[in-house]
Amino acid sequence: MAGLTNRGKYLILNMAFCAQNEPTNYYLHLLTSGATVNADTNVWSDVSANEASGGGYGEATLSRGTVKFDVISEDDVNNRGEVQLADVSWTASGGSIAAMYAVLTDDNGGTGGHATNNIICYWDFGSTQTAIDGSAFTLTDFSIRINES
């Protein structure tokens, strides 16, 4: 399950209609099952204590543009717009990588895991996913959709 946070909705509207707060970079983080992530999650400090660690994991930097956000589409049948992230992968090294959520943050407060970086959207894997030492933890075709209800 994926969703835009309410903060993410606000920021997207602010960027589109007021040309405000366009980030230079976005960051993709993995979180353990100890996190609580939903539409009301606002900033990185809300969930940072539950970031995945070890095993070669580190946040992924996604710069704006078509390289990291490689598909954008309009869907008149389902009444939505969608942007898709290029595949992101970490290779577990020296241990496992385990996560139940991924979140996309901006660079509002600074680079990487700055406490005040806004959480734009989240993905719930449904259960903890694990990549054992030497294998890849890959997020494939993750999408952000804006639906009209």
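Report on the accompanying structure. Treat the numbers as computed from the prediction; the structure is a model and nothing was measured. (Residues numbered from 1 in each chain as written. Predicted model: local features only at pLDDT ≥ 70, side-chain atom pairs only at ≥ 80, totals over all residues. Heavy atoms only, no water.)

**Side note on the pairing of strand 8 (residues 119-131)**
Two strands pair when backbone bridges link them, and strand 1 (residues 2-4) and strand 8 are joined in this way by three bridges, in the antiparallel orientation. Note that in strand 8 the partner of Ala 2 across the bridge is Trp 123. Bridge count for strand 7 (residues 97-105) against strand 8 is eight bridges, and the pairing is antiparallel. What sits directly across from Thr 105, in strand 8, is Ile 119. (Pairing = 2+ DSSP bridges. Helix = DSSP H or I, 4+ residues; strand = E, 2+ residues; numbered from the N terminus.)

**A short note on unusual backbone geometry**
Backbone geometry follows two general trends: most residues other than glycine have a negative phi, and most peptide bonds adopt the trans configuration. With phi around 55°, Asn 79 is a residue other than glycine that occupies positive phi space. With respect to the helices and strands, Asn 79 occurs in the loop between strand 4 (71-75) and strand 5 (80-84). Of note in this structure, Asp 141 is not a glycine but carries a positive phi near 55°. Note on placement: Asp 141 falls in the loop between strand 9 (136-139) and strand 10 (143-147).

**Notes on the side chain of Ser 143**
In this structure, Ser 143 sits in strand 10. Side-chain polar atoms of Ser 143 contact the side chain of Glu 82, separated by 2.6 Å. Residues in contact with Ser 143, not counting those within four places in the same chain, are Ala 2, Glu 82, Val 83, Gln 84 and Trp 123. (Polar contact = N/O pair within 3.5 Å; in protein donor to acceptor, adjacent residues only side chain to side chain. Contact = heavy atoms within 4.5 Å.)

**Regarding the nonpolar core**
The nonpolar side chains of a soluble globular protein tend to be buried, and buried together. Ranked by size, the top nonpolar core spans 29 residues in total, and within it Leu 28, Leu 30, Trp 90 and Trp 123 carry the most contacts. Looking at this core, the elements that each hand over two or more residues are helix 1 (6-18), strand 2 (25-31), strand 3 (60-63), strand 6 (88-91), strand 7, strand 8 and strand 9. No other element matches the five residues that strand 8 contributes to this core. Core analysis: the next-biggest nonpolar cluster, separate from the first, contains ten residues, Leu 31, Ala 35, Val 47 and Met 100 among them. (Core = buried A, V, L, I, M, F, W, Y, C linked by side-chain atoms within 4.5 Å. Buried < 20%, exposed > 50% of the residue type's maximum accessible area, 1.4 Å probe, protein only.)

From the geometry alone we can't say anything about function, so treat these as descriptive.
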